Structure formats: structure tokens, C-alpha cells
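Single-letter residue listing:
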Amino acid sequence: MTETRERSKEVQIWFGPQHPGITGNMSVQTWLDGDTLTRGITHVGYLHRAFEKLMERRLYIQSFPIVCRICVPEPDTNEWLLASALEELSGLDREVPEKARWIRTLVLEMSRLGAMLMVLGGHAGSMGLGPAPQWMIALRDLVLDRFEELTGGRVYHMYIVYGGVRRDLPEGFAERMEQTLKTIESKLPLIDDVIFGSAVFRKRAMGVGVVPREWAFEMGISGPVIRAMGIPKDVRKDEPYEKYAELDFDVVTEEGSDIFARAMVRRREIQQSIDLIRQILARMPKEGPYCAELPNMLEWTIPVGQTYVRAESSRGEMGYYVVTDGSKKLRRVHVRGPSYVHGVSLLERLIPGTNIADLAPLMVSLQVCPPEIER
Amino acid sequence: MSLKHVLQPFNAWVQAFSKPYTIPMKDTMRPGADRYRGWHINDVEKCVGCGTCADICQNAAIDMVPVKDPVKGDSGLRPKIDYGRCCWCALCVDVCTTGSLGMSNEYTWVEKDPEKCRYTPGVDAKPWDGSEKGWRQEEGFSLIVKDRVPMPMLDPKERIKTWAEVVVGYSVEEARKEAARCVSCGLCVAACPAHMHIPDYIGAIRDGDFEKALDFIYDNNPMPEMCGKVCTRRCEGVCSVGIQGEPLAIRWLKRFATEQFEDFAKVLHPEVKRVGEGKKVAVVGGGPSGVTVAYYLAVRGFEVTIYEALPQLGGATFFGIPKYRFPMPSLEKQVDLLKKAGVKIVTDHRVEKDEFRRLLEENDALFFGTGLMKPYKLGVPGEDLEGVIYALDLLRDHHVGKKVEVGESVVVVGGGNVAIDASRVSRRLGAEVTIAYRRRREDMPADDEEIEDAEAEGIELVTQSIPLRVEKLENGKLDFIWGPAEMVPPDRPGGRPKPKLIEGVENHLQVDRVIVAIGQKGEFEWMPEEVAEKVVTSRGWVEVDETGMTQWPGIFAGGDLVNSTADAISAIADGLKAVEGIQQFTLEGLSVSKS
């Protein structure tokens, strides 16, 4: 679909929504001068399912199957945010058992790991490096196997609920998880070779898609994008939730603020997640309840209140602003996803001057997740 | 850019010689994990069709469809799942009150016809039926609250010294917390003889709107404070929450709602048409059935008079039920509303034959619910001795204010609620009490809670004991002689096991009183012969049609005389039936005729 503009001699090209290089169901309307993009407008709404509005018409417990759909590759952050917001408003947070907190931290880290394996594959795939994405998806699948036995579902886990989690760890889970971690670790050097050691990747990722440091706080950038600027911003450290305060880890930062730096942050955070999962499993309480005693979920009411909770997803800071009005249903939920900043505001600012071939790698490096934009 | 970075990616070729770690196709055909959320399975025998699965399904993928004839405690419905909508969240499994619903670990199913992707698990046979694996309910996680809010009660040691009410009653917080456990399945409505609006009033209590709750309650029960205290609560027997946990305290919640108001007349707003203006109805017997007929006819404009032989209305709930369960002020409150509704009440007045004939002449319809007032006899030698008394007489004498003495020790023969009441009253009168029952404890018709309360109060229970005879001893006491029994299978299938005397063994129990409480029957001496001939069956019951009318047009009946369950709520249900029957009968313009 092209259209020439006589006056500026620009070519207009639609990138997406049907394009393998686009991250999810969105599209970017771009204008080209030669093969350089002069400007771009993002178009979202292809995936709009009115999650926030749906939740105003659902019981609290019925919102669980909805929130996980706000980010398919990494649903657990959403589940945790909704649970923790409503626990805070209902006073149930005081009753969440210790074991549930550890299992939640485990699940959150597992989902970060799974999501980062996928997006690192995307980094390579968007530059045409074939085998790496396949391997990464296969590795992610191993994480999904663990999710399957823990939560009963591979992709939509619907596992973290108010008061704790829905099921205990299965017998022998820690050993199988360790096996999975070992497999993933054993493949990482190879991944380093074919992605970070590749001349193609280095040439196309270094110095490309640089986000100026001044934009960091001005635009509300978070996650690997801000950490690739050398700014150690991570909700897990800044405002530790669940068991993160008790875990030993450092915020990963890289310098350069380009696609390469962002990929490197993710590569190092894969290792960090693996380490964290090991720490969590070592400290997991053997006994004890995994969920608080819940009120009757068909009739649960929460007093009037509002709160904002945040968590570090693989893409950056996710936040839920939740308002309750004393009834059985949510009054309002606002989902603050990092993709809105990264995928709309920041992307449109970065596009001018970028080569058309670098647009897909750029979007992957910003880790845009459209359902989060149009929730 | 170094040569290294050009060559390094070729390390990928190493993979060509190693075992693939992508998952081979044959391995992906494995079944799901042990707790995988796959296609549903349902144990239809265990399922009661409460519909909580359909309530919690946020996709509205579950419909409750009829699959069998409803029986008590079973709606006859079963969940049908539309897999075009299901999102496999398994909330339906976690909320299931019976634990019958589960998910198998099967997830592949190919079908040409999309219509078939909608089935009733357990009813429509599927290959994964009986699957052991998959998502099931687990200990430690429940979306419903299984434990009841405990009811505060007086200490057993204290309460035997007093006639004060044993049950203290819920506070507002406790009641609302208990009410919030309800899943609104409505199985209780079907089980209640009067079909009270149970989920509605429980919902109103949960929301703190007690006036609304009372309105719902009074819609079809004019003695709710009585039912709230002493009802046999068949509703709780079928409560779906009670299948895996404790049933909702439906009775206590009704009690709570009625206790919130001093004067019901100020808060009730019955919206009824006064269709019965100018019609007269006489009610003989002021028990629950009579009160029901009187109240609902009165609010519809009928002119109703109740005739009661005892000094107070209430029937068995007045003279039979002890005051530590159902105190007088509670009864008076309900009678007070009856008066305010315009019912004329004549107490201390026993209707005899001639008056009955006159009442038939003067009224457009007549209702009688005179109850079972004549105790069954034990039929053993020595029954006529002084000191052998009948529980009904004891309770009645005690409740109308006569002085009653039971001595230091009594034995109560029987296992029903009357036996328990007589025992607990005797206990409070200062006696050591033994209950002798011929079957086993689990066969006792008395309410379980009542039996437990009696035992807590120090009453001894001797089961499988058959009375042989009673003898007078020289010291003035009675010798209650009984023989042990063994249980033999029932004669007919479905019957109760029968006790059979073990010959040759005699046990002795020295007591001051033997109280007989083995049941009671109707008494029709007051009824004109020509009427009794028509309405009373040979077995001493009264038969009525679906409108509550007897064989004699214009004479309606209800209560213990009519139904064999002999509890207050069934009597109220009879009354409700007769209210409709009487309205229909009188408004058709027919007068009571003798033919």
C-alpha cells in the first residue's frame, strides 16, 4: 500500500498490522525519504477488547481470567497487580501466607524469564538471524512446561489470586525447575555466539535506536529501555514487593542506550532471573498454607477505596490504578503498561531518521506489547 | 568489527550434530500435566445442580440444563459447557460446592460439527470421562466459605439452672458474615415446605437491609420468629454449601432478622389486594397452620376468627416447645401482629360439636388444624401406675403454668423432639434424666443439635432399649425394666432397621417418673359425627385435596393432622395452601354446605 506525495517526494508505507516484523497487532504508518523514515504514526486498536471496562461488569474473582490477557507472553504480572491492589483495599493483604508470597515471587520471576527468552529471540529474528529465535522459543517452552505443571495452563496461568495462589507447588517441582534452568543455562553461550557475537547483529544494533538520556524521566521510560541508559531503575529494588527485598540481586545496567544495550540488559537479566529462581526455590517454605481463607467469592464486597500498585515486568514498570466503591464489582481499573510509553510516544519520537530496515528491531528492543496499550 | 564476530555465529552448526532440544512432534502429543485444565468432567451423581459454576463463569459459557427430575436437594440441572466461550480458567471447578466438577488433562479433540463442542460433562459420554488427572479441587483453597459463624450459646452447666434461652443469637456483624456465605443456589427454597424466599432474605441480611429481609420472610411465613428458633430446617439439610462444609445457618439468620424489630407491624408492608371483604372464615385450632390461614386471609380482607382451647395461640409451639428454645415474648410478638392484622382471637375456648355446626352455618369457610393431642401408649404392664406420665401432658401443664413435679430421676421413653424436650425440661426441673430409645442414635428422629444439646446438659442416652414393664417399688419409686435390642434388617426395602428384643436379659432403672414420648395422634371427639365420618380416615388422619379442602366442601384442614412430618413449617405450608383454597372457594360464591 503506497502513496506518493508529490511535494515532499515522500513515500508512505504501512508497517503492519499484517507484518511479521511488527510486535503484535498494531501498525505504524510511516513516511520515507529514500530508505530513511521521516516520520511515523502508530495505529493501535486492532486488539481492543475493553479489558478495563469488562472488569467493571465482573465480580472481583471473575476479573482474573481477564487481566492475564493484557499481556500474553507475561500474564502473571497482571494477575499479581490486580490481586495485590484488591488485597490492599480489602485488608486481605495481612493474611497472605508466607509460602504464597514466595510462590508468587517465583511465578513472577518465571514469567519474566519466559518473556525475556522470547524477546531476545525476537531481537535476533527481526534482523533475520534464523536459528536463534527458534532456540529461544524452545527454551521458553521449557519454562512453559513448568508453568503447566504448576498452574494447570501453559500460557494463561490464572494462578495468583486474592489471598495467595491457587495451588501448592507440585511434588518434585524444585528439581524439575532446576533441570530446566540448567538446560537454559547450557544454551546461553551459544546464544551469545549467534546473537551478541554476530557481526550482523553488532553492526545493526550498536548505535541504532538510541534513546537520549534526557527523555528517560520526561517520558516515563522504564524497564530494560531505561536500564540500557545506565540508569538503575527497577521496581523490584526501588519499591520491593513480595519477597524481592529478601533476595540478593543487583540491578542490571548497560551503557549506550541503543538496541544492543537493551538486548544485553535482557541477556543479563535472563541470567539474573535464573539466579533469582534458584534463590527462591532454596528458600521456599516446605509447609504451610498457600492461600489465605477467602471470603465467599460470589458475594465479596470491598470497601470504598483507591490505590496504585506497581511491579517490574520484563518490559518495564506495570501499574494498576484501582478504584472500589463498596460493591461486588470494580469501579475502575486503569492499567499503566510500559508499552504505551515505549510503543506509542517514544517510538514516534525515535522514528525520524531511522532506516526502514531498523524499524522492526527497534520495536522489538522497546518490547512493545499492543494489548497493554489498548487495554 | 573483528573476524571473530564474523566466524562466531557459525558455532550454530554445532547444533546440527547434537540432539535437538526443540520438542519432537511425537512428544507434544502427550497428555497435559497432572493438574492441567483440559476438558471438563462431572460426577453427575455427586452434582446437585446448584449452579455456582454458571454463576462464576465470567464468559457465561455454562448453562444449567435439565437432565433429570428434580428431587429434594437436587435441582435436576447439570452444567452444559460451551467450548466456544470457555477460557479454561477453572473457577467453576474451584467454586463447585460438591466437588463433582473437574477438568481432565486431555486437551485435543477434533470434531467436524461445531455444535458438538458444547456438551454436558458426565451426561454426554466423552473419552476423558473418568480421567484421574487434571484440575481438581484441593485442600487449602476454596472460593466459598465452608465454616459457619458459630452461634453463641449459654454454657450447659449454667443453662440447666434456668429457663433462659440457650441460643444467644447473632450480632449484626456475625449475621452479615454468615449471610455472606450464601451462594444463592436456591435448593433450600425447593426443600422448604413453605418455599420461603431464603436466598432473598439472606441477601438482604448480608446487605444490612433487615426490613427488606423481614418483608421477604413474612411473605409466606407468619411465625418466622418461631421458625427462626425451632424450625426443623430442611433447608439446611440440602444447602449446597453444607455438602463439603457446614450449611448456612438459615434458621439462625431468620431468627436474627425477626429479632431486629420490636413491632413487626411498623416495618411490614404487605402489598395485597383486599379481595376478601365481607367474607367470614372460622379457624379452629390456633397452631401454626391456623395462624397462617388467619393472617394471610386477614390481610386480604377476610373476617377471620381463631378459636383456641389453650390460653395462648401457637399450638404445639406454645404448649410443646420449651421456653428455653422459644420464649413467650417471641410468640406474643407474632400473635400481636395477628391482632393488628384484624384477626379475632378467642382463647381458652374449646369448640364442641354444636358450636362447630353453628360455625359452619355462619361462615363462608372453615379451617381446622387441631393437631395431634393424644399420646400413644407404651403398651407394657404397669403403664397405668402413678408416676408414669406422658410427655405432652408434662409439657402442656408446665407451659400453661401448672405446677409440675418430676422427682429426682426420670426416664424418658422415645427418641423424637418431644422426648428431648421432655428430658431437657425435666433436667431443668432438677431431675437426673435418662432417655431410653429402642433404635440406634443415628435413627433418632430428633434434631441432631437437640440430641447434642441434651447430652451436653448431662442427659444420658440409652439406645437399643425396649421397655418391658414398670413396677412400683416399696420405696415409692418406679422400677423401669427394659431389655436390650439388636438391629435387624427392615422388612421392606428402604425401611429403617428394626430393633429386636434380645430375650432373657432384664435391666432395671429406678426412677421417680417414667415419661412416655413415643408419638401422638389426632383426637376428634369434639367434631360432629357427620363431619368426622366424612373427613377423618380410618387411620385417624385427615385427607385434603391440593387446595387444602377436605371431603366436606368448605371445610379445610392442615397441620399435623394432615401431613405426617408433624413439624411447624409443614403446617405453615398447609396453611398457605388452604389460604389460596379458601380464597378460591369463597370468591366463587359458594357457601359452606353440609352436603
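Some thoughts on the overall build of chain A
When helices and strands are counted, chain A shows 14 helices and 9 strands. In terms of C-alpha radius of gyration, chain A reaches 21 Å, essentially the compact-globule figure of 21 Å for 375 residues. The dimensions of chain A, computed from C-alpha atoms along their principal axes, are 65 × 45 × 35 Å. A burial count over chain A gives 65% of its 375 residues as buried. When contacts within chain A are restricted to residue pairs at least 6 apart in sequence, those whose partners lie at least 24 apart make up 70%. Of the roughly 13100 Å² that chain A leaves accessible, carbon and sulfur atoms contribute 51%. The averaged location of the 51 negative side-chain charges in chain A is 3 Å from the averaged location of its 47 positive side-chain charges.

Overview of the interface of chain B and chain A
The interface of chain B with chain A comprises 47 residues on the first partner and 46 residues on the second. Here chain B meets chain A over a buried area of about 3900 Å², counting both sides, of which 57% is carbon and sulfur. Taken together, chain B and chain A are joined by 6 salt bridges. Notably, a salt bridge pairs B:Asp94 with A:Arg167, separated by 2.7 Å at the nearest N-O pair. Taken together, the connections running from chain B to chain A amount to 27 residue pairs in polar contact (both at pLDDT 80 or more). Partitioned by chemical class, the residues of the side of chain B that touches chain A number 24 nonpolar, 12 polar and 11 charged.

Here's the deal with the pattern of salt bridges
Residue and element names in this part refer to chain B. Under the defined criterion, the tally for this structure stands at 91 salt bridges over all chains. Taking the shortest distance from any N to any O, the salt bridge between arginine 206 and aspartate 207 comes out at 3.5 Å. When the shortest N-O distance is used, the salt bridge between lysine 353 and glutamate 529 registers 2.9 Å. A residue pair is termed long-range when its members are at least 10 positions apart, and lysine 353 in helix α18 (residues 353-362) and glutamate 529 in helix α22 (residues 529-535) qualify at 176 residues.

Looking at α18(B)
Residues and elements named next belong to chain B. Of all the residues in α18, the buried ones are Glu355, Phe356, Leu359 and Leu360. Along the long axis of α18, the arc covered by the buried residues comes to 145°, so they all point the same way. Turned more than 90 degrees away from the buried face of α18 sit Asp354 and Glu361, all of them exposed. Of the surrounding elements, those touching the buried residues of α18 are β6 (280-284), β7 (303-307), β9 (365-368), α22 and β21 (555-557).

Notes on a nonpolar patch on the surface
On the surface, B:Leu3, B:Val6, B:Leu7, B:Phe10 and B:Trp13 cluster together into a nonpolar patch covering about 570 Å² of accessible area. Summarising the element assignment, B:Leu7 is placed in helix α1 (residues 3-7).

Some remarks on the pairing of strand β4 (residues 36-43) of chain A
Residues and elements named next belong to chain A. Sheet topology note: the strand β3 (residues 27-33)/β4 ladder contains 7 bridges and is antiparallel. Paired with glutamine 29 across the strands is isoleucine 41, a residue of β4. Linking β3 to β4, which pair antiparallel, is a turn of 2 residues; within it glycine 34 sits at a positive phi near 70°.

Description of the domain arrangement of chain B
Frequently, the measure chosen for interface size is the accessible area that the parts lose on association. Residue and element names in this part refer to chain B. Partitioning chain B into domains gives domain 1 (156-267), domain 2 (280-373 + 521-587) and domain 3 (377-489 + 498-518). Relative to domain 2, the C-alpha centre of domain 1 lies at a distance of 25 Å. At the junction of the two partners, domain 1 supplies 30 residues and domain 2 supplies 28 residues. Buried surface at the junction of domain 1 and domain 2, both sides included, amounts to about 2400 Å², of which 68% is carbon and sulfur. Joining domain 1 to domain 2, the criterion identifies 3 salt bridges. Where arginine 234 meets aspartate 567, a salt bridge forms, and the shortest distance between an N and an O atom there is 2.9 Å. At the junction of domain 1 with domain 2, the criterion picks out 15 residue pairs in polar contact (both at pLDDT 80 or more). Elements with a contribution of two residues or more to the side of domain 1 that touches domain 2: α10 (224-230), α13 (250-259) and α14 (264-267).

Re the sheet that holds strand β3 (residues 77-82) of chain B
Whenever strands of a sheet pair, they do so through backbone hydrogen bonds, lying parallel or antiparallel. The antiparallel open sheet is built from 3 strands, whose spatial order is β2-β3-β5 (chain B). Since the sheet does not close on itself, it has two edges, and those belong to β2 (62-66) and β5 (118-119) of chain B, each with one partner.

So, helix α6 (residues 173-196) of chain A
Look at α6(A): 33 Å from first C-alpha to last across 24 residues, which is about the 34 Å you get at 1.5 Å a residue. At A:Leu188, α6(A) is bent by approximately 30°, the largest bend along its length, and proline A:Pro189 sits one to four residues beyond.

Comments concerning the packing of aromatic side chains
Counting across every chain of the model gives 26 aromatic pairs over all chains. Aromatic side chains A:Tyr60 and A:Trp300 sit 5.5 Å apart centroid to centroid with 70° between the ring planes, which places their arrangement in the edge-to-face category. Placement of the pair is A:Tyr60 in the loop between α1 (51-55) and α2 (64-67) and A:Trp300 in the loop between α11 (259-283) and β7 (305-312), with a sequence separation of 240 residues. Its relative accessible area of 8% is what places A:Trp300 among the buried residues. Seen from their ring centres, B:Tyr119 and B:Trp128 are 6.2 Å apart, and the 55° between their planes marks the pair as tilted. A relative accessible area of 1% means that B:Tyr119 is categorised as buried. Note on B:Trp128: relative accessible area 4%, which makes it buried. Against the face of A:Phe249 rests A:Lys237, its NZ or CZ located 4.2 Å from the ring centre. Above the face of the B:Tyr119 ring, B:Lys126 is positioned so that its terminal group lies 5.0 Å from the ring centre.

Scoring rules and cut-offs
- Residues numbered from 1 in each chain as written.
- Chains lettered and ligands numbered in written order.
- Predicted model: local features only at pLDDT ≥ 70, side-chain atom pairs only at ≥ 80, totals over all residues.
- Heavy atoms only, no water.
- Helix = DSSP H or I, 4+ residues; strand = E, 2+ residues; numbered from the N terminus.
- Rg over C-alpha atoms; globule rule 2.2 N^0.38 Å.
- Buried < 20%, exposed > 50% of the residue type's maximum accessible area, 1.4 Å probe, protein only.
- Contact = heavy atoms within 4.5 Å.
- Areas by Shrake-Rupley, 256 points an atom, 1.4 Å probe, with all protein chains shown as cover.
- Lys, Arg positive; Asp, Glu negative; His and termini not counted.
- Charge placed at Lys NZ, Arg CZ, Asp CG, Glu CD.
- Buried area = accessible area lost by both parts, 1.4 Å probe.
- Salt bridge = Lys/Arg side-chain N within 4 Å of Asp/Glu carboxyl O.
- Polar contact = N/O pair within 3.5 Å; in protein donor to acceptor, adjacent residues only side chain to side chain.
- Nonpolar A, V, L, I, M, F, W, Y, C, P; charged D, E, K, R; others polar.
- Arc of directions from axis to C-beta.
- Patch = residues over 30% accessible without salt bridge, like charges linked within 9 Å, V, L, I, M, F, W, Y side chains within 5 Å.
- Pairing = 2+ DSSP bridges.
- Domains from an automatic or database assignment.
- Expected span 1.5 Å × (residues − 1).
- Bend = angle between axes of the 7 residues up to and from the residue.
- Phe/Tyr/Trp six-rings, centres within 6.5 Å; stacked < 30°, edge-to-face > 60°.
- Lys NZ or Arg CZ within 6 Å of the ring centre and 35° of its normal.

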